Amino acid sequence: MTSGTMTNSGMTIITLDGPSGSGKGTICQLLAARLGYHYLDSGALYRLLALAAKRHKVALDDVEDLAVLAAHMDISFRMNSEGDHPEVILEGEDVTDQIRSEDISAGASQVAVIPEVRNALLERQRAFARPPGLVADGRDMGTVVFPDASVKIYLTASAEERAHRRHNQLMDKGESVSLAALVENVRARDARDMNRSVSPLVPAPGAVEVDTTGKSIQEVLDIVMEIVRG
Ligand code: C5P
């Protein structure tokens, strides 16, 4: 089946791509809730693969075993009991927090450069497209996974602001990592995501770019809703 038939089946697909810390996750969840659409957190799939590889002692450069793991890992997503936050499940265990560690973040961006891994995850991502619609969050949603999406948005923010946001998140969780180290991590991850040969992080043709630097979540959501309505 081509991506065209996948996305032209009478449902709306909205893609939001951009670097980590640009606010995509929060905005996508709010947007999906507002529109009553499904939500795909594609980054979580790469994070789950990094965690599954660690657990099954698969090296992060073992292309063959990583591709098999990507195609077959036992994962699911569900809403938490309060119904306000998605939970990520690996082999029956809630790993929502574990996949957000700095260690797994680095592992995710390492496995994400492997074409065989990206290929193995392609159909798993497309399977999230179900009526009435989907909000897809990632790096290559508008360029590769859903090239025929109805609305494509590219969110950015300065590296310093993104590192600050990450710093605040970690502080809230009681983890202390220096801000300088986080700016370094953000830059290293950006470079890896933007310079890789497969599915590099670039705005999709026709994507509307939104710079979230200095903007509140509500301000960004308003801008994005305006684009979707347009
Ligand atoms: O979005 P998030 O930060 O959770 O993604 C984790 C990592 O997965 C990113 O650093 C990126 O390398 C990779 N990724 C990707 N393509 C996507 C989503 C995430 O390569 N569509």
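That block above? That's the structure.
Rules used throughout
- Counting restarts for each chain: residues are numbered from 1 in the order of the written sequence.
- Local features in this predicted model are restricted to residues whose pLDDT is 70 or higher, and side-chain atom pairs enter the listing and the counts only when it is 80 or higher, whereas totals over whole chains, interfaces and linings include all residues.
- To get the side-chain values, take all heavy atoms of the structure and skip hydrogens and water.
- Strand pairing follows a simple DSSP-based rule, namely that at least 2 bridges must link the two strands.
- Strands here are runs of E lasting at least two residues and helices are runs of H or I lasting at least four, both read from the DSSP assignment and numbered beginning at the N terminus.
- To define axes, lines are fitted to C-alpha atoms, for helices over the stretch in contact only, and angles between the resulting N-to-C directions are given on a 0 to 180 degree scale.
- Contacts: residue pairs with any heavy atoms within 4.5 Å of one another.
- The scheme is simple: roughly parallel for angles under 35 degrees, roughly antiparallel for over 145, roughly perpendicular for 65 to 115, oblique for anything else.
- A clockwise turn of the near helix away from the far one marks a right-handed crossing, whereas an anticlockwise turn of less than a right angle marks a left-handed crossing.
- Polar here means any residue other than Ala, Val, Leu, Ile, Met, Phe, Trp, Tyr, Cys and Pro, which are nonpolar, and Asp, Glu, Lys and Arg, which are charged; Gly is therefore polar.
- Type-normalised accessible area, obtained with a 1.4 Å probe on protein chains alone, sets the label of each residue: buried when under 20%, exposed when over 50%, and partly exposed for intermediate values.
- Near, as used in this document, describes a residue that has one of its heavy atoms within 4 Å of the molecule or strand being considered.
- Whenever two N or O atoms come within 3.5 Å, that pair is a polar contact, provided that in protein one can donate a hydrogen and the other can accept it, and provided that, for residues adjacent in sequence, both atoms are side-chain atoms.
- With residues, only the protein chains shown are counted as cover, and all accessible areas are computed by Shrake-Rupley using a 1.4 Å probe.
- Whether two aromatic rings pair depends on their centres lying within 6.5 Å, for rings of Phe, Tyr and Trp, where Trp uses its six-membered ring; planes under 30 degrees apart make the pair stacked, over 60 edge-to-face, and the rest tilted.
- Criterion for a salt bridge: a side-chain nitrogen of Lys or Arg within 4 Å of a carboxyl oxygen of Asp or Glu.
- For our purposes a nonpolar core is just a set of buried Ala, Val, Leu, Ile, Met, Phe, Trp, Tyr and Cys residues, chained together by side-chain atoms within 4.5 Å.

1. Description of the sheet that holds strand β7 (residues 151-156)
On the basis of which strands lie adjacent, the open sheet formed by 5 strands has the order β2-β6-β1-β7-β8 and parallel pairing. Unpaired on one side and paired on the other, β2 (38-41) and β8 (208-211) mark the two borders of the sheet. Taking the axes of each pair of neighbouring strands and ignoring which way they run, one obtains an average angle of 20° across the sheet. Across 4 bridges, strand β1 (residues 12-17) lies against β7 in parallel orientation. Within β7, the residue paired with Leu16 across the bridge is Ile153. Packing of helix α3 (residues 42-55) onto the sheet brings it into contact with β2 and β6 (133-138), and relative to β2 it is tilted by some 45°.

2. Observations concerning the packing of helix α5 (residues 102-111) against helix α9 (residues 179-195)
Look at α5 against α9: their axes get within 10 Å of each other, and the N-to-C directions meet at 15°. The angle between α5 and α9 falls in the class roughly parallel. Crossing handedness for the pair α5 and α9: left-handed. Contacts between α5 and α9 involve Glu102, Ser105, Ala106, Ser109 and Gln110 on the former and, on the latter, Leu182, Asn185, Arg189, Arg192 and Asp193. Among the residues forming the contact of α5 with α9, the class breakdown is 2 nonpolar, 4 polar and 4 charged.

3. Points about the pairing of β1
Taking burial as the measure, the 6 residues of β1 include 5 buried ones, the bulk of the element. Relative to β6, β1 runs parallel, the two being bridged by 6 bridges. Of the residues in β6, the one forming a bridge with Thr12 is Gly133.

4. As for the site of the ligand
Within the structure, the ligand sits among 18 residues, and Arg47, Arg118, Asp140, Asp193 and Arg196 are positioned closest to it. Arg139 is positioned such that a nitrogen or oxygen atom in its side chain is 2.9 Å from an oxygen atom of the ligand. Take Arg196: an N or O atom from its side chain is 2.8 Å from an oxygen atom of the ligand. Protein contact buries 97% of the 450 Å² of open area that the ligand shows by itself. Every element with two or more residues in the shell around the ligand is listed here: α3, α5 and α9.

5. Quick notes on the packing of aromatic side chains
In this structure the tally under the stated criterion is 1 aromatic pair. Here Phe77 and Phe128 contribute two aromatic rings whose centre-to-centre distance is 5.7 Å and whose plane-to-plane angle is 75°, an arrangement assigned as edge-to-face. Residue Phe77 is found in strand β3 (residues 75-79), and its partner Phe128 is found in the loop between α6 (115-126) and β6; the two are separated by 51 residues along the sequence. Classification of Phe77 as partly exposed rests on a relative accessible area of 27%. Phe128 sits in the buried class, given a relative accessible area of 18%.

6. As for the pattern of salt bridges
Applying the stated criterion to the full structure yields 14 salt bridges. A salt bridge links Arg166 to Glu102; the nearest nitrogen and oxygen atoms lie 2.8 Å apart. Of the two residues, Arg166 sits in helix α8 (residues 159-172) while Glu102 sits in helix α5, which places them 64 residues apart along the sequence. Taken individually, Arg166 and Glu102 each receive the classification buried, so the pair is uniform in this respect. Ionic contacts of the salt-bridge type, sharing partners, join the residues Arg139, Asp193 and Arg196 into one network.

7. A few points about the nonpolar core
Formed by 26 residues in total, the largest nonpolar core has its most connected members in Leu48, Leu49, Leu66 and Ile99. Sorting the residues of this core by element identifies α3, α4 (63-72), β4 (86-90), α5 and α6 as the ones contributing at least two each. The next biggest cluster of nonpolar side chains, apart from the first, holds 19 residues, and it includes Ile153, Leu221, Met225 and Ile227.

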